[in-house]
Amino acid sequence: GWLAADGTPLAVGDLVVPETRIPCHTCAFCRGVGSRPTKSIDYSHCPNQRGLGGIRLNEMPLLSGGWSDVVELPQGAIVHRIPAEMDPEVAVLLEPFSIGMKACRVADVNQDDTVLILGPGPIGLLTAVACHAAGARRVIVAGRAGDEERLALSRDLGAHATIAIDAGDPVAALTAVTGGRLATRVIEATGAAAAIELGLTLLDRGGVLVTVGGHHPDARITLNPSDLVWSQREIRGMQLGALSYEACIGVLASGRYPLQRMLTHHFALPQIQQALETFAQRGSCIKPVIIFE
């Protein structure tokens with residue numbers, strides 16, 4: 001009786017990707033209760049949501065973690081069928097891609113925008129893909145020393161230009177590739193609170209900054225509220241990729257972008273500790289993949 005997120009029945013043997021959160025489907029955020037004409041049903045606000053891998057060991061289902069041969073999904077889980085034309089390895093990018101896609105949408109990126117993405121990690125690179133697919137006029141990815149390989153890959157994934165924010169004045173580096181203009185949209189995907197402050201200095205008047213990085217709970221930033229008033233800039237926060245998976249599936253299945261190049265390392269399940277340590281060291285590792293043999 002299981003249905004995919006698009007309402008079609010699932011069959012034994014289907015390749016699927018579950019969303020990482022299991023909403024309650026009954027609260028105001030899950031049902032979209034309210035009078036706002038532009039409201040959307042976004043379970044990332046659900047106060048009763050549960051996360052795969054985060055369910056207590058004495059609660060059902062007992063096998064909710066992804067690093068195992070078998071995963072049991074509870075009723076209410078949102079599952080997406082992966083089309084036959086999609087490389088199964090590329091399908092592992094669906095969840096992080098959904099975050100980049102949602103960031104692009106929260107920023108309201110359109111054809112007139114110059115988008116600056118801070119951070120060439122997996123989320124930042126996939127955000128560049130989302131913004132390019134959305135038709136942004138210019139997509140720029142910013143990194144630091146040591147990010148040269150990632151920045152080069154971002155250009156193959158749709159970025160029109162890249163800049164190094166630690167090689168001089170970031171404003172000068174940005175305006176040098178934009179013809180003197182700041183960014184109309186900045187998406188912070190670093191997880192460093194200082195990047196939000198930097199992003200505001202690189203954001204043009206009337207622009208929007210979206211922060212999606214995983215920040216420490218105690219992180220703080222300094223900003224001048226009158227600057228927001230007079231420049232009419234906005235700061236928007238977001239998490240998870242609710243309502244974005246289906247759009248990502250279309251892009252991934254199209255083969256338009258060389259996303260296989262993000263899958264830099266492969267490990268067997270018993271090597272999970274090595275995979276985590278390799279990813280933490282960054283270097284040439286962009287996205288490790290766990291192979292189930």
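As the structure is a prediction and not an experimental result, all values here were calculated from the model.

Participant: Describe the overall build of the protein, and please don't skip the residues or the numbers.
Facilitator: Summing up its helical and strand segments, the protein has ten helices and twelve strands in all. Reported as C-alpha extents along the three principal axes, the dimensions of the protein are approximately 55 × 50 × 40 Å. Here the protein holds 293 residues, and the buried ones make up 43% of them. When the accessible surface of the protein is summed, it comes to about 15000 Å², and 53% of that surface belongs to carbon and sulfur atoms. Looking at the protein, you have 24 positive and 29 negative side-chain charges, and the mean spots of the two groups are 7 Å apart.

Participant: Which residues make up the packing of helix α3 (residues 94-106) against helix α9 (residues 245-254), and what values go with them?
Facilitator: Two elements in contact, α3 and α9, have axes whose closest approach is 9 Å; the angle formed by their N-to-C orientations is 110°. Taken as axis vectors, α3 and α9 run roughly perpendicular relative to one another. Pair α3 / α9 crosses with right-handed handedness. Together, Leu94, Glu95, Phe97, Ser98, Met101 and Arg105 of α3 and Tyr245, Ala247, Cys248, Ile249, Val251 and Leu252 of α9 make up the contact between the two elements. Class assignment for the residues of the contact of α3 with α9 results in nine nonpolar, one polar and two charged.

Participant: Mind laying out the pattern of salt bridges, listing which residues take part and the relevant values?
Facilitator: Under the criterion given, the structure shown has ten salt bridges. Among the ionic pairs, Arg81 bridges to Asp14, the shortest N-O distance being 3.2 Å. Of this pair, Arg81 sits in strand β4 (residues 79-81) while Asp14 sits in the segment before β1 (16-18); the two residues are 67 residues apart in sequence, bridging distant segments of the chain. Between Asp156 and Arg261 there is a salt bridge; the shortest N-O distance is 2.6 Å. Linking Asp156 in helix α5 (residues 148-156) with Arg261 in the loop between α9 and β11 (265-268), this pair joins segments that are 105 residues apart in sequence. Owing to a relative accessible area of 45%, Arg261 belongs among the partly exposed residues under this scheme. Here the salt bridges share partners, and the residues they tie into one network are Asp108, Glu234 and Arg236.

Participant: Give a detailed account of unusual backbone geometry, specifying residues and quantitative values.
Facilitator: Here the residue pair Met60 and Pro61 is connected by a cis peptide bond, since its omega of -5° sits within 30 degrees of zero. Notably, Asp108 is not glycine yet its phi reads approximately 55°, a positive angle. Within the secondary structure, Asp108 is located in the loop between α3 and β5 (114-118). On the basis of relative accessibility, which here comes to 43%, the residue Asp108 falls in the partly exposed class. One non-glycine residue, Gln232, lies in the positive phi region at around 55°. As for its placement among the helices and strands, Gln232 is situated in the loop between α8 (225-231) and β10 (234-237). The class of Gln232 is exposed, set by a relative accessible area of 59%.

Each value, and the rule that gives it
Residues numbered from 1 in each chain as written. Predicted model: local features only at pLDDT ≥ 70, side-chain atom pairs only at ≥ 80, totals over all residues. Heavy atoms only, no water. Helix = DSSP H or I, 4+ residues; strand = E, 2+ residues; numbered from the N terminus. Buried < 20%, exposed > 50% of the residue type's maximum accessible area, 1.4 Å probe, protein only. Areas by Shrake-Rupley, 256 points an atom, 1.4 Å probe, with all protein chains shown as cover. Lys, Arg positive; Asp, Glu negative; His and termini not counted. Charge placed at Lys NZ, Arg CZ, Asp CG, Glu CD. Axes fitted to C-alpha atoms, helices over the stretch in contact; angles between N-to-C directions. Parallel < 35°, antiparallel > 145°, perpendicular 65-115°, else oblique. Left-handed = near helix turned anticlockwise from the far one by under 90°. Contact = heavy atoms within 4.5 Å. Nonpolar A, V, L, I, M, F, W, Y, C, P; charged D, E, K, R; others polar. Salt bridge = Lys/Arg side-chain N within 4 Å of Asp/Glu carboxyl O.

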